[in-house]
Amino acid sequence: MAKKAAGDRWQDNDLVFASKVGTELDSHNVRRSFRAVLKKAGLNAQEWTPSEMRHSFVSMLSDAGMPIEASLAWSGTATPAPPERSPANKLRPLLLERAEAVDQIFRDL
């Protein structure tokens, strides 16, 4: 879909996640897309950054009872091993715990 929209500007780099023209994503691409999503949601793009959203997410997980270490690890801001580095037999319970915390957050909203 993005390839078709980009037309002649598309650069095929065999990337899973690419910019609107097929190039490697950088922080500018991500922020631009993030601001577009905020605008569509009716939020002021000047008041939100990806970092603020991550901090809000960690706070919500913590409020839902998830240990802060797990909340930080899930958001990618802590040093403990992320789920993809956990042994396979420990991954499912970890993901279920986190999914239950997110379910709790949205149930309470």
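Residues numbered from 1 in each chain as written. Predicted model: local features only at pLDDT ≥ 70, side-chain atom pairs only at ≥ 80, totals over all residues. Heavy atoms only, no water.

Engineer: Looking at this structure, how should I read the overall build of the chain?
Structural biologist: Across its full length, the chain carries 5 helices and 0 strands. Classification of the 109 residues of the chain by burial places 20% in the buried group. Long-range pairs, those at least 24 residues apart, make up 27% of the contacts in the chain with a sequence separation of at least 6. Total accessible area on the chain is roughly 8500 Å²; 55% of this is exposed by carbon and sulfur atoms. (Helix = DSSP H or I, 4+ residues; strand = E, 2+ residues; numbered from the N terminus. Buried < 20%, exposed > 50% of the residue type's maximum accessible area, 1.4 Å probe, protein only. Contact = heavy atoms within 4.5 Å. Areas by Shrake-Rupley, 256 points an atom, 1.4 Å probe, with all protein chains shown as cover.)

Engineer: Please clarify how unusual backbone geometry should be interpreted in this entry.
Structural biologist: When glycine is set aside, most residues are seen to have a negative phi, and most peptide bonds are trans. For aspartate 14, which is not a glycine, the phi torsion comes out positive at approximately 55°. For aspartate 14, the position within the fold is in the loop between helix H1 (2-6) and helix H2 (27-40). With a relative accessible area of 76%, aspartate 14 lands in the exposed category.

Engineer: Help me understand the nonpolar core, please; the structure alone is not making it clear to me.
Structural biologist: The biggest cluster of nonpolar side chains holds 6 residues, and these are Leu61, Met66, Ala70, Ala101, Val102 and Ile105. Take this core: its biggest share by element is 3 residues, from helix H5 (residues 88-108). Sequence-distant contacts of valine 102, defined by excluding residues within four places in its chain, comprise Phe57, Leu61 and Trp74. (Core = buried A, V, L, I, M, F, W, Y, C linked by side-chain atoms within 4.5 Å.)

Engineer: Would you mind showing me how to read a positive patch on the surface here?
Structural biologist: Where like charges cluster on the molecular surface, the positive patch consists of Arg9, Lys20, Arg31, Arg32, Arg35 and Lys40. Following the sequence through the fold, lysine 20 ends up in the loop between H1 and H2. (Patch = residues over 30% accessible without salt bridge, like charges linked within 9 Å, V, L, I, M, F, W, Y side chains within 5 Å. Salt bridge = Lys/Arg side-chain N within 4 Å of Asp/Glu carboxyl O. Lys, Arg positive; Asp, Glu negative; His and termini not counted. Charge placed at Lys NZ, Arg CZ, Asp CG, Glu CD.)

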